[in-house]
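So you can see what is in the structure, the chains are spelled out below.
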Amino acid sequence: MKGRQEDVVILAIETSCDETAAAVVRNGREVLSNIISSQIALHTLYGGVVPEIASRKHIEKINQVIEGALAEAEMALEDMDAIAVTYGPGLVGALLVGVAEAKAIAYAAKKPLIGVHHIEGHINANYIENKDLEPPFLCLVVSGGHTHLVKVADYGVYEILGRTRDDAAGEAFDKVARAIGLGYPGGPKIERAAKEGNPDAIPFPKGKIAGHPYDFSFSGVKSAVLNYINGCHMKNLPIVEADIAASFQKAVTDVLIEHAMAAAEESEVKKMAIAGGVAANTALRTGMRAACQEKGIEFYYPSPIFCTDNAAMIGAAAYYEYLSGKQAGWDLNAVPNLKLGCSLEMPAASPLFIQTTNGGCH
Ligand code: KG4
Ligand code: ZN
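Note that the structure is predicted; figures quoted are calculated from it, not measured.

A full pass over the atoms with the stated rule returns 10 aromatic pairs. Measuring from centroid to centroid gives 4.1 Å for tyrosine 155 and tyrosine 320, while their planes differ by 10°, and the two rings are stacked. Of this pair, tyrosine 155 sits in the loop between β7 (147–154) and β8 (157–163) while tyrosine 320 sits in helix α11 (residues 312–323), placing them 165 residues apart in sequence. Look at tyrosine 155 and you get partly exposed, because its relative accessible area is 27%.

This is the structure:
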């Protein structure tokens with residue numbers, strides 16, 4: 001393994017859902033390029049991500065996205081110290097495109113291969129623009145598939161304090177947007193509609209789990225929105241989309257902030273970060289900033305481009321795996337339901353370019 005004094009440059013690939021992405025990242029925090037080819041326009045036609053279409057599009061785009069990332073970084077494959085790829089969680093067919101590509105490139109170029117957990121990538125996105133951020137810190141991870149309150153005890157060491165019991169926060173945004181006819185992807189569309197609405201117009205419930213102050217539940221608020229809309233139809237009342245969007249957004253962001261703050265108050269760690277697609281939401285960002293300020297907690301957040309899926313965050317997470325000597329074998333596989341913390345069980349390889357086990361943990 002290289003010493004810490006030398007630069008480590010990683011080519012990272014991300015294809016877990018509907019973005020085909022590649023990035024070149026130096027020393028985990030310096031993004032030399034970050035190319036994202038979004039399929040959103042295509043999936044919008046179907047009201048959500050169609051897995052088969054996602055996989056096919058990844059295959060069509062992946063080579064040009066990688067070439068674009070290397071070109072923008074003004075580097076060649078030979079300049080890379082490792083090739084990193086998201087191997088889970090996500091859509092299995094989509095993940096497989098990135099994993100197969102990364103393995104082929106790493107094998108042909110004789111570079112170490114690093115498998116990265118997608119959620120670990122989201123958390124590590126915070127390192128990119130916050131050069132001073134170091135563990136331990138707390139992180140609220142809110143994406144389309146996950147809602148976790150995590151303590152980042154050290155680089156690559158995660159303790160899950162709370163999680164959703166049903167829908168993820170982003171999933172709730174997407175389902176409610178569909179119900180009020182805003183379409184896919186729901187988060188940004190709800191946020192836009194909410195700007196014109198009154199957040200106190202409709203008292204939607206805040207999901208709480210008795211005895212588990214850091215857990216979340218979003219299926220109740222989603223059902224409440226659907227019931228409200230049905231009630232309006234039955235009573236021939238107007239459906240004010242902006243008020244529904246604003247009230248729903250408030251119910252979700254309030255509960256996220258309350259639980260995150262409760263965890264921060266209990267913890268000796270006074271640093272809080274946010275991550276994942278929903279972390280791009282302005283109401284959540286401003287609410288968290290204000291709550292952290294009030295409690296004397298330092299608040300960290302990535303730019304919106306590093307909140308939603310991207311490969312720079314995978315390069316950031318891969319750097320710390322690289323430093324700790326972890327690498328994947330040529331039998332690295334896609335693990336659609338990979339659990340957070342699993343990568344800790346991945347056997348370390350030393351020296352780096354030696355085939356070890358599958359690098360996964362299924
Ligand atoms: O992290 P991400 O890009 O993909 C997953 O790993 O799931 O998150 C996508 C999710 C979607 O549910 C999307 O609606 C939500 O993040 N999202 C937002 C916003 N931008 C994206 N939710 C609320 N407000 C936003 N501005
Ligand atoms: Zn994601």
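In this section: the pairing of strand β6 (residues 137–142). Of all 6 residues in β6, 6 are buried, a share of seventy percent or more. With 6 bridges joining them, β6 and β7 adopt antiparallel strand pairing. Bridge pairing in β7 places valine 141 opposite histidine 148. Connecting the antiparallel pair β6 and β7 is a turn made up of 4 residues. Across 4 bridges, β6 lies against strand β9 (residues 271–275) in parallel orientation. In the sheet register, cysteine 139 faces β9, and the bridge partner there is alanine 273.

This brings us to the coordination of the zinc ion (ligand 2). The protein atoms donating to the zinc ion (ligand 2) are His118 (NE2), His122 (NE2) and Asp309 (OD), with metal-donor distances spanning 2.0 to 2.1 Å. Coordination of the zinc ion (ligand 2) draws on donor residues from a single chain, spaced H-x3-H-x186-D in sequence. Of this pair, histidine 118 and histidine 122 both sit in helix α4 (residues 118–129), 4 residues apart, which is roughly one turn of that helix. Accessibility expressed as a relative area gives 6% for histidine 118, which makes it buried.

The next thing to look at is the pattern of salt bridges. What the rule picks out here adds up to 15 salt bridges. In this structure, the salt-bridge partner of aspartate 215 is arginine 165, at a minimum N-O distance of 2.7 Å. Here the residue aspartate 215 occupies a position in the loop between α6 (186–194) and α7 (219–234), and arginine 165 occupies one in the loop between β8 and α5 (169–179), the gap between them amounting to 50 residues. In this structure aspartate 215 comes out as buried when scored by relative accessible area, which is 9%. In this structure, aspartate 167 engages lysine 175 in a salt bridge whose closest nitrogen and oxygen atoms are separated by 3.5 Å. By relative accessible area, which is 8% here, aspartate 167 ends up buried. One continuous salt-bridge network, built from bridges that share partners, spans Asp200, Lys206, Lys208, Lys250, Asp254 and Glu258.

At a minimum axis separation of 11 Å, α5 and helix α8 (residues 241–266) run at an interaxial angle of 175°. As summarised for this structure, α5 and α8 are arranged roughly antiparallel, according to the angle between their axes. On α8, the residues that touch Ala169, Ala172, Phe173 and Val176 of α5 are Phe248, Gln249, Val252 and Leu256.

Near ligand 1 lie 20 residues; those nearest to it are His122, Gly144, Asp174, Gly187 and Glu191. The side chain of asparagine 281 places a nitrogen or oxygen atom 3.0 Å from a nitrogen atom of ligand 1. Here ligand 1 loses 88% of its free accessible area of 550 Å² to cover by the protein chains. Secondary-structure elements contributing two or more residues to the shell around ligand 1 are α4, α5 and α6. Along the lines of polarity and charge, the residues of the shell around ligand 1 split into 5 nonpolar, 12 polar and 3 charged.

Attention now moves to the sheet that holds strand β4 (residues 82–88). On the basis of which strands lie adjacent, the open sheet formed by 5 strands has the order β3-β2-β1-β4-β5 and mixed pairing. Of all the strands in the sheet, the pair left with one neighbour each is β3 (30–38) and β5 (113–117). On average, each strand axis in the sheet is tilted by 20° relative to the strand beside it, whichever way the strands run. Across 6 bridges, strand β1 (residues 9–14) lies against strand β2 (residues 19–26) in antiparallel orientation. Paired with alanine 12 across the two strands is alanine 23, which belongs to β2. Docked against the sheet, helix α2 (residues 51–73) engages β1, β2 and β3, running at close to 25° with respect to β2.

Quick notes on the rules
Numbers given to residues run from 1 along each chain, matching the order in which its sequence is written. Here every chain gets a letter starting at A, and every ligand a number starting at 1, in the order they are written. In keeping with the predicted nature of the model, local features appear solely for residues at pLDDT of at least 70, side-chain atom pairs appear and are counted solely at 80 or more, and the whole-chain, interface and lining totals rest on all residues. In computing side-chain properties, one takes all heavy atoms of the structure into account and sets aside hydrogens as well as water. Each aromatic pair joins two rings of Phe, Tyr and Trp (for Trp, the six-membered one) with centres within 6.5 Å, and gets the label stacked for planes under 30 degrees apart, edge-to-face for over 60, and tilted for any other angle. Numbering of helices and strands runs from the N terminus, with a helix taken as a DSSP run of H or I at least four residues long and a strand as a DSSP run of E at least two residues long. In this scheme, a residue with accessible area under 20% of its type's maximum is buried, one over 50% is exposed, and one in between is partly exposed, where area comes from a 1.4 Å probe on protein chains only. When DSSP finds two or more bridges between two strands, those strands count as paired. Counted as donors are the N, O and S atoms within 2.8 Å of the metal, or 3.2 Å for Na, K and Ca, while water is not among the atoms, so some sites may look incomplete. In what follows, salt bridge is the name for a side-chain nitrogen of Lys or Arg lying within 4 Å of a carboxyl oxygen of Asp or Glu. Axis lines are fitted through C-alpha atoms, for helices just across the contact stretch, and the angle between N-to-C directions can take any value from 0 to 180 degrees. Working definition: roughly parallel below 35 degrees, roughly antiparallel above 145 degrees, roughly perpendicular at 65 to 115 degrees, and oblique for all remaining angles. Whether two residues are in contact is decided by their heavy atoms, any of which lying within 4.5 Å being enough. We call a residue near a molecule or strand whenever a single non-hydrogen atom of that residue lies within 4 Å of it. N or O atoms within 3.5 Å of each other form a polar contact, as long as, within protein, one can give a hydrogen and the other can take it, and as long as residues adjacent in sequence are counted only when both atoms are side-chain atoms. All accessible areas in this document rest on Shrake-Rupley with a 1.4 Å probe, and a residue is counted as covered only by the protein chains that are shown. When residues are sorted by character, Ala, Val, Leu, Ile, Met, Phe, Trp, Tyr, Cys and Pro go into the nonpolar class, Asp, Glu, Lys and Arg into the charged class, and all the rest, Gly among them, into the polar class.

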